[in-house]
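Residues per chain are reported as follows:
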Amino acid sequence: MEHVSMPNLVDLCLSVITQSLHTYTSFASVPADIVALIVEELNTPTQPPHTPYTYTQQTAKLLHTVALPRVDLIRQEDLDLVTWLRDIKGTPLAGSLLQLDLSDTHINDQGLALLSHVPRLKHLALRNCNKIQGNGFNKVTCKFEFLNLRNCTMLRGRHLVSLLPGSKDSLTTLILSGCTRLKDEDMHIMAQFARLRSLRLSHCDKLGHRAFVHLSKAQSLHTLSMAHCFLLGTPAPEFPDDATHPLLSMPQLQHLNLSFCFLHDRSLPLLRAIAKGSFMRLISLKIKQNSLSRGFFLSLCSLCSQGMMPALSVIDLSSSLALPHVASSTGNVSAGSMIPFIIQHLSSPTYHPFMSSIKISSHKPAPLSPSAIAIPTIPLALPLPLAPAPTARRRTSIRNSPRLLAASRALVSMSTSAPAPPPPPPPPPLPQCPFPPPPPPP
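This structure is a prediction, so every number in the text was calculated from the model and none was measured. (Residues numbered from 1 in each chain as written. Predicted model: local features only at pLDDT ≥ 70, side-chain atom pairs only at ≥ 80, totals over all residues. Heavy atoms only, no water.)

## A short note on the overall build of the protein
When you go through the protein residue by residue, the secondary structure sums to 13 helices and 13 strands. Within the protein, contacts between residues separated by at least 24 positions form 71% of all contacts whose residues are at least 6 apart in sequence. (Helix = DSSP H or I, 4+ residues; strand = E, 2+ residues; numbered from the N terminus. Contact = heavy atoms within 4.5 Å.)

Put into structure tokens, the structure is as follows:
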């Protein structure tokens with residue numbers, strides 16, 4: 001018989017209240033700790049398809065009656081958020097709310113302006129809210145520390161200026177990935193956020209090299225992600241010299257991600273600037289899924305050997321090394337077999353004793369052992385000798401190959417000179433039957 005434990009009193013309360021939530025008009029009679037557990041239960045569903053609890057206008061209004069530091073209304077597409085935010089004014093929730101997640105909802109700029117009713121709000125997430133253009137920030141005076149506007153495809157860069165009055169000295173993390181309407185000139189606002197440390201601009205396909213002109217003025221910026229910004233892979237005629245690229249004016253960077261940008265070190269001043277720059281604080285460098293030649297790799301190794309990147313501990317060049325023909329001490333090797341050779345140089349403790357993670361593969365990734373992926377050091381490979389030019393060889397027939405003829409003669413001589421093995425011994429006789437044979441039939 002299967003033993004089933006009985007639920008405790010708290011679980012029973014949560015189950016009864018959540019199932020009959022639509023019948024309540026206030027949480028005034030419910031203890032604050034129980035209300036917090038109820039909201040957490042509603043925000044963390046456990047049954048597939050893992051959709052959150054669907055609030056009605058009445059059940060969502062219950063949240064106004066209790067002081068909560070965090071509210072998640074993710075994927076509440078049928079909820080009238082303009083009315084909900086208008087009614088929040090003067091309620092216990094308005095004075096206590098610090099984090100609000102309205103991702104995947106139909107909130108617009110009118111509802112965005114009503115966030116002024118929540119003066120203590122610091123964390124705001126509006127992922128995939130395609131009705132927001134940004135002009136609703138004009139009336140918002142919240143001192144945001146974290147703002148997530150990922151995939152707000154209608155967001156206009158000029159409206160980001162409206163964040164300055166409240167968040168100029170407080171904003172530390174800004175996520176604008178997938179905001180496809182942002183342009184290079186919109187990045188000038190980033191320098192005015194005095195404490196901005198992390199900026200994510202992945203999939204902003206209209207950002208190019210000139211964006212670094214404005215981003216280089218944000219001296220507090222430590223983390224920059226511009227993955228999938230394809231214009232970075234195009235030539236930059238406005239920066240003909242590597243020494244003039246504005247990326248060199250960002251030595252304070254600690255984490256840089258330029259993956260999936262179609263970068264090519266032969267024609268791109270951006271990567272040549274990395275290979276010639278002095279990034280004393282750079283901790284992680286991610287340039288995966290690009291087209292980097294052996295020259296960039298050797299330049300990067302040379303930088304590390306000279307102590308120009310002493311803090312670098314993570315380097316990700318997955319599927320970026322285009323090494324069709326590289327020379328080593330053992331001869332010419334292909335890109336796939338070059339991977340262990342690169343890792344061997346990258347793991348040299350003499351040059352870089354703090355390397356903790358190395359990810360390198362060719363365009364056809366080869367399997368790497370766990371020990372090759374997590375290495376406690378980084379390289380600095382010395383310049384490798386170039387392979388000698390291939391000389392024309394006379395093609396030798398297999399039948400007339402001297403080595404093949406010598407090997408065949410040796411096999412023949414061994415077979416004729418060796419004594420024949422002795423014949424196997426005969427099998428032992430079968431034991432006789434202890435019973436006499438039956439008499440013949442009459």
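Now, onward.
## Side note on empty space enclosed by the protein
Vacant regions in the atomic arrangement are exposed by a probe of water-molecule size rolled over the atoms. Scanning the entire structure with this criterion turns up one cavity of 30 Å³ or more. The volume enclosed by the largest cavity comes to roughly 30 Å³. Taken together, Leu21, Phe27, Ile38, Val39, Leu42, Tyr55, Thr59, Leu62 and Leu63 make up the full set of residues lining the largest cavity. The dominant element in the lining of the largest cavity, judged by the number of residues it contributes, is helix α2 (residues 32-43), at three residues. Across the lining of the largest cavity, the residue classes tally to eight nonpolar, one polar and no charged. (1 Å grid on protein atoms, 1.4 Å probe; cavity = no way out; pocket = protein on both sides within 12 Å on 5 of 7 lines; lining within 4 Å. Points joined across faces, edges and corners; volume = space filled by probe spheres on them. Nonpolar A, V, L, I, M, F, W, Y, C, P; charged D, E, K, R; others polar.)

## Looking at the pattern of salt bridges
Enumeration over the complete set of coordinates arrives at two salt bridges. The closest approach of N and O atoms between Arg70 and Asp72, which form a salt bridge, is 3.1 Å. In this structure Arg70 comes out as partly exposed when scored by relative accessible area, which is 46%. A salt bridge links Arg127 to Asp101; the shortest N-O distance between them is 3.7 Å. Here Arg127 is found in the loop between β3 (123-125) and β4 (146-148), whereas its partner Asp101 is found in strand β2 (residues 99-101), with 26 residues between them in sequence. Here Arg127 falls in the partly exposed class, since its relative accessible area comes to 24%. You can call Asp101 buried: its relative accessible area is 10%. (Salt bridge = Lys/Arg side-chain N within 4 Å of Asp/Glu carboxyl O. Buried < 20%, exposed > 50% of the residue type's maximum accessible area, 1.4 Å probe, protein only.)

## Comments concerning the state of the cysteines
Enumeration according to the criterion identifies zero disulfides in this entry. Here Cys179 stays unpaired: no disulfide links it, and the sulfur of Cys152, its closest cysteine neighbor, is 5.5 Å away. With no disulfide of its own, Cys229 has Cys261 as its nearest cysteine by sulfur position, at a separation of 5.5 Å. Overall, Cys229 belongs to the buried group, its relative accessible area being 0%. (Disulfide = S-S within 2.5 Å.)

## Describing the environment of Asn257
Along the chain, Asn257 turns up in strand β8 (residues 255-257). Along the backbone, Asn257 and Leu285 are 28 residues apart, and their C-alpha atoms lie at a distance of 6.1 Å. Those residues in contact with Asn257 that sit more than four places away from it in its chain are Leu224, Ser225, Met226, Ala227 and Lys286.

## Some words on the confidence of the model for the protein
Summarising the model, the protein shows a mean pLDDT of 75, and 67% of its residues fall at 70 or more. This stretch, residues 347-354, has a pLDDT under 50; its non-local contacts, to residues over four places away or in other chains, come to 29 contacts. Counting contacts from residues 361-400, a segment whose pLDDT is below 50, to residues more than four positions away or on other chains yields 94 contacts. (pLDDT = per-residue confidence, 0-100.)

## Considerations on the nonpolar core
Among the nonpolar cores identified, the biggest contains 95 residues, and Leu176, Met190, Leu201, Leu224 and Met226 are the most heavily contacted of them. Here the element with the most residues in this core is α2; it accounts for five residues. Those residues in contact with Leu201 that sit more than four places away from it in its chain are Leu176, Ser177, Met187, Leu207, Leu215, Leu224, Ser225, Met226, Ala227 and Cys229. (Core = buried A, V, L, I, M, F, W, Y, C linked by side-chain atoms within 4.5 Å.)

## A look at the pairing of strand β10 (residues 314-317)
Pairing of strand β9 (residues 284-286) with β10, which is carried by three bridges, proceeds in the parallel orientation. Bridging from a neighbouring strand, Leu285 pairs with Ile315 of β10. Handedness of the β9-helix α10 (residues 294-305)-β10 crossover: right-handed. (Pairing = 2+ DSSP bridges. Right-handed = clockwise from strand over helix to strand, strands pointing away.)

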